[in-house]
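# Close look at the chain arrangement
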Amino acid sequence: MSIVQHLRMLSPFSVSGARFISTHAVHLMQQIARRKNVLPYCAVGIFKRNVSYSRSLWYETSVVEDTERQAHANLKSDAEKMFKYSIKSVHPQQMIEGVLHFNRATSVLRVQQETYHLHRNVFVVGMGKAVLGMAKAVEDVLGDHIVTGIISIPRGLQEEMIHTNNREMMLSPNTKILVYEGADNNEVDEASHNASKAILSLVNKLTEKDLLVVLCSGGGSTLCPSPPPAISLQELLTVTRLLAWNGATVQDMNTIRKNLEILKGGGLALQARPAKVVSLILSSIIGDPIDLIASGPTYPTQPTPSHCLEILQRLNLLSRTPESVRRYLEREAKQQNRTTQDKQVTMSNNGTPQVREIWKGLQNIVVGNNSIACEAAAEKAAQMGYRPVILTKFLVGEAREVGKLYARLGEYIMMCFDRKASQQPNTELTQLELELVAGGLRKQSINHIADEVDTAHNLNKDICVIASGETVVHVEGTGTGGKNQETALAAAIQMKEAFRGEECFQSETDMCVLSCDSDGYDGQSPVAGAVVDQDLVDRTLESGLSMEAYLANNDSNTFFSTVNEGQNLVWTNITGTNVMDMVILLVRKPSDRKFKWN
Ligand SMILES: Nc1ncnc2c1ncn2[C@@H]1O[C@H](COP(=O)(O)OP(=O)(O)O)[C@@H](O)[C@H]1O
Ligand SMILES: O=C(O)[C@H](O)COP(=O)(O)O
């Protein structure tokens, strides 16, 4: 029988009162067990002798809560604050202003090493979840020099910005930039196809005197679909959905997209010839690959149809791929040896594209990425008194494995704290290290975390671990969810395993795991993600719901909407930016545990 079960038997309170008391009392038991150097079950006995457990326990609770106000009262809300702060740091406006240097007196625009003489010759096109704010910033800087423009953004974004009075993301009333909204559920649709056609027609009219400013961010792939005549929009949707739901990475998906679609893989820049092109890119892919973000509309790349067929084969999707798509790729693959006249690129011996003369008027610039968001989250964590560690900006893997891994990392941190407190060698810790390495963390990173725990211990601080990247999900169930909620749910299951197991009582302390999408929409649900802690686990156990069953059915959103009155969901609404997903793990130091026992 676990400590919680012991306490539930002892508690004279109602179910919810008992839950409250038992959650807190477990920490008390641990304190007693540690102080008196006895097993926790013996501590239950000491607890019974020393506390007349109605009034005294409430008294203990209120005293502790006062003390706690100085410590971190609520890890869950702290994690949310850090995430929301990080989103503000990747606001498109400041990033655009950082690269466009315009001298109004001379009408000269400087972009890195290039200069452009403006004479009302600027055209703007954009596609992606962050391009509304990017367009607003361009409009602010270049003003009257803009002749016209078209951007394609997610449905509802403008209304959301008006609703929240977010002026930094609202185009001026006299704007020359036309806004198309579409791509419901982050999938190609007629509306986004219309936007793409309008963009194509605009750029086709440009001359060598014109400057085309292209704005690109994650989501641009679906917001600007351009299938060739042989492939219908529906077939494009089928193949991308097939990929997205069967574990394809964004790299896999966009490799295929840029081989299939006219405006991708440099196609947009090609269509804009002979105009000069400056492409401003907000990265939502690990490592900022310009050829893959929004499927690289302005980055000329060599077609690789054989590689696309290999991807479909590897994911076991070839037989389910629409006939037209398969035939198209097979035909292209047969002709692969030809020089790729279409996109005006040849390959050097080392495989990098050798851009021809014709591309000289082309600039591709990454204006921001998830590093900025990670640094901001770390800054906020430090301000809030945590010891922040940015573990990785390259987070990858199956969402549920990632969730489990980060919950295990939380246990590891607790053990490191405890080892530091007791100065005892710990074989369990070594075992867990091996498991974390097997789960995908580098030994070097684990050592770094262990060092940071030492520092946190010395500074008397709680730990905050930040990771960012993109996971994948194999959707096999029929539920509603997203990659981040699935990560969080898997973390909660692991926390339950760890803290409810009788042997693991010593780790029973405070931690939480948040996983959220920076664009504010996780999968097909209108929440950024979820944050889980021991309280959620307790409430789920009381409710009798099976977290495992929800996870098996890919039904994480229904789970989080049902349990704890939805309080573990993280809402930001559509954010107007997009720099991948973020995981935040918070772990309390031992001395910050909820109950003090004298
Ligand atoms: N029920 C579900 N549970 C978990 N993940 C899902 C579910 N349905 C779809 N997904 C995943 O959501 C992904 C799309 O989510 P989204 O948040 O739009 O991605 P991103 O914004 O990172 O491109 C798909 O790749 C798919 O794997
Ligand atoms: O937010 C998204 O939808 C992903 O980051 C992928 O976007 P992309 O394919 O447009 O780069």
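Note that the coordinates shown come from a computational prediction; the quantities given were computed from them, not determined experimentally. (Residues numbered from 1 in each chain as written. Chains lettered and ligands numbered in written order. Predicted model: local features only at pLDDT ≥ 70, side-chain atom pairs only at ≥ 80, totals over all residues. Heavy atoms only, no water.)

## Re the confidence of the model for the protein
Of the residues in the protein, 81% reach a pLDDT of 70 or more, and the chain-wide mean stands at 85. The model gives residues 347-352 a pLDDT under 50, and that stretch makes six contacts with residues more than four places away or in other chains. Low pLDDT, under 50, characterises residues 594-598; the predicted model gives this stretch 27 contacts beyond four residues in sequence or across chains. Predicted as a complex, the structure gets a pTM of 0.84 and an ipTM equal to 0.98. (pLDDT = per-residue confidence, 0-100. Contact = heavy atoms within 4.5 Å.)

## A look at the site of ligand 1
Lining the immediate environment of ligand 1, one finds 19 residues, of which Asn186, Ala244, Asp519, Gly523 and Asn554 sit closest. Between ligand 1 and Asn186, the relevant distance is 2.8 Å, taken from an oxygen atom to a side-chain nitrogen or oxygen of the residue. (Near = heavy atom within 4 Å. Polar contact = N/O pair within 3.5 Å; in protein donor to acceptor, adjacent residues only side chain to side chain.)

## Focus on the site of ligand 2
In the region of ligand 2, 15 residues are neighbours, and Lys129, Gly219, Ser221, Ala294 and Asn578 sit closest. Note that an oxygen atom of ligand 2 is positioned 2.7 Å from one of the backbone N or O atoms of Gly219. One nitrogen or oxygen atom from the side chain of Ser284 is found 3.0 Å from an oxygen atom belonging to ligand 2. Taken by itself ligand 2 offers 320 Å² of open surface, and the protein chains cover 89% of this. Those elements giving two or more residues to the shell around ligand 2 turn out to be α10 (220-223) and α12 (250-260). With three residues, the top contributor of residues to the shell around ligand 2 is α12. Residue composition of the shell around ligand 2, by class: four nonpolar, eight polar and three charged. No fewer than three residues from each of domain 3 (104-226 + 262-300 + 356-368) and domain 4 (229-260 + 304-339) sit in the shell around ligand 2. (Areas by Shrake-Rupley, 256 points an atom, 1.4 Å probe, with all protein chains shown as cover. Helix = DSSP H or I, 4+ residues; strand = E, 2+ residues; numbered from the N terminus. Nonpolar A, V, L, I, M, F, W, Y, C, P; charged D, E, K, R; others polar. Domains from an automatic or database assignment.)

## Let's talk about the sheet that holds strand β3 (residues 114-117)
Spatial ordering of the open sheet is given by β1-β2-β3, a layout of three strands whose pairing is antiparallel. The two strands at the open ends of the sheet, each matched to only one other strand, are β1 (101-103) and β3. Across this sheet, the average inter-strand angle for adjacent strands is 20°, counted without regard to direction. Here strand β2 (residues 108-111) runs beside β3; their pairing, made up of four bridges, is antiparallel. (Pairing = 2+ DSSP bridges. Axes fitted to C-alpha atoms, helices over the stretch in contact; angles between N-to-C directions.)

## Notes on the pattern of salt bridges
Proximity of charged atoms lets side chains of opposite charge pair with each other. What the rule picks out here adds up to 22 salt bridges. As a salt-bridge pair, Glu411 and Arg408 come within 2.4 Å of each other at their nearest N and O atoms. On the criterion of helical spacing, the pair formed by Glu411 and Arg408 is a turn pair, its members being three residues apart in helix α17 (residues 399-422). With relative accessibility at 3%, the residue Glu411 sits in the buried group. (Salt bridge = Lys/Arg side-chain N within 4 Å of Asp/Glu carboxyl O. Buried < 20%, exposed > 50% of the residue type's maximum accessible area, 1.4 Å probe, protein only.)

## A short note on the packing of aromatic side chains
Describing an aromatic ring pair means giving the distance of the ring centres and the angle of the ring planes. Taken as a whole, this structure holds two aromatic pairs when the rule is applied. Centroid distance Phe559 to Phe560: 5.0 Å. Interplanar angle 75°. Geometry classified as edge-to-face. On the basis of relative accessible area, Phe559 is assigned to the buried category, the value being 0%. Following the ring pairs from residue to residue traces out a cluster consisting of Tyr550, Phe559 and Phe560. (Phe/Tyr/Trp six-rings, centres within 6.5 Å; stacked < 30°, edge-to-face > 60°.)

## Remarks on the sheet that holds strand β7 (residues 211-217)
Strand order in this open sheet of six strands is β6-β5-β4-β7-β8-β11, and the pairing throughout is parallel. The two strands at the open ends of the sheet, each matched to only one other strand, are β6 (177-182) and β11 (362-368). Each neighbouring strand pair of the sheet contributes to a mean axis angle of 15°, computed without reference to strand direction. Of the strand pairs in this sheet, strand β5 (residues 146-154) and β6 are connected by six bridges, and their pairing is parallel. Looking across to β6, one finds that Ser152 is bridged to Tyr180. Set on the sheet, helix α7 (residues 131-142) makes contact with β4 (122-127), β5, β6, β7, β8 (276-282) and β11; between it and β7 the angle comes to about 150°.

## Some thoughts on the domain arrangement of the protein
A common measure of how large an interface is: the accessible area buried when the components associate. Domain boundaries in the protein define domain 1 (1-70), domain 2 (74-87 + 371-592), domain 3 (104-226 + 262-300 + 356-368) and domain 4 (229-260 + 304-339). Computed over C-alpha atoms, the centres of domain 3 and domain 4 are 26 Å apart. Counting from both sides, the interface comprises 19 residues of domain 3 and, opposite them, 12 residues of domain 4. Of the roughly 1300 Å² buried between domain 3 and domain 4 on both sides combined, carbon and sulfur atoms contribute 63%. Between Asp291 and Lys258 there is a salt bridge whose closest N-O contact spans 3.1 Å. Taken together, the links from domain 3 to domain 4 amount to four residue pairs in polar contact (both at pLDDT 80 or more). Secondary-structure elements contributing two or more residues to the side of domain 3 that touches domain 4 are α9 (190-204) and α10. (Buried area = accessible area lost by both parts, 1.4 Å probe.)

## Overview of the UniProt feature "domain: MOFRL-associated" (unreviewed entry) in the protein
Here the UniProt feature "domain: MOFRL-associated" (unreviewed entry) sits at residues 79-330. Across residues 79-330, the secondary structure splits into 40% helix and 18% strand, with the terminal C-alpha atoms separated by 48 Å. (UniProt positions renumbered as here; feature names shortened; annotations may be inferred.)

## As for the packing of helix α14 (residues 305-314) against helix α15 (residues 323-334)
Where α14 contacts α15, the axes come no closer than 8 Å and their chain directions differ by 140°. One way to sum up the angle between α14 and α15 is to call them oblique. Handedness of the crossing formed by α14 with α15: left-handed. When α14 is examined against α15, the residues Pro305, Ser306, Cys308, Leu309 and Leu312 are found in contact with a partner set consisting of Arg326, Leu329, Glu330, Glu332 and Ala333. In terms of residue class, the contact of α14 with α15 is built from six nonpolar, one polar and three charged. (Parallel < 35°, antiparallel > 145°, perpendicular 65-115°, else oblique. Left-handed = near helix turned anticlockwise from the far one by under 90°.)

## So, the environment of Asn369
Structurally, the position occupied by Asn369 is in the loop between β11 and α16 (370-383). Residue class for Asn369 comes out buried when judged on its relative accessible area of 15%. The sequence separation of Asn369 and Ala105 amounts to 264 residues, and the corresponding C-alpha distance is 32 Å. A polar side-chain atom of Asn369 sits 2.7 Å from a polar atom in the side chain of Asp288.

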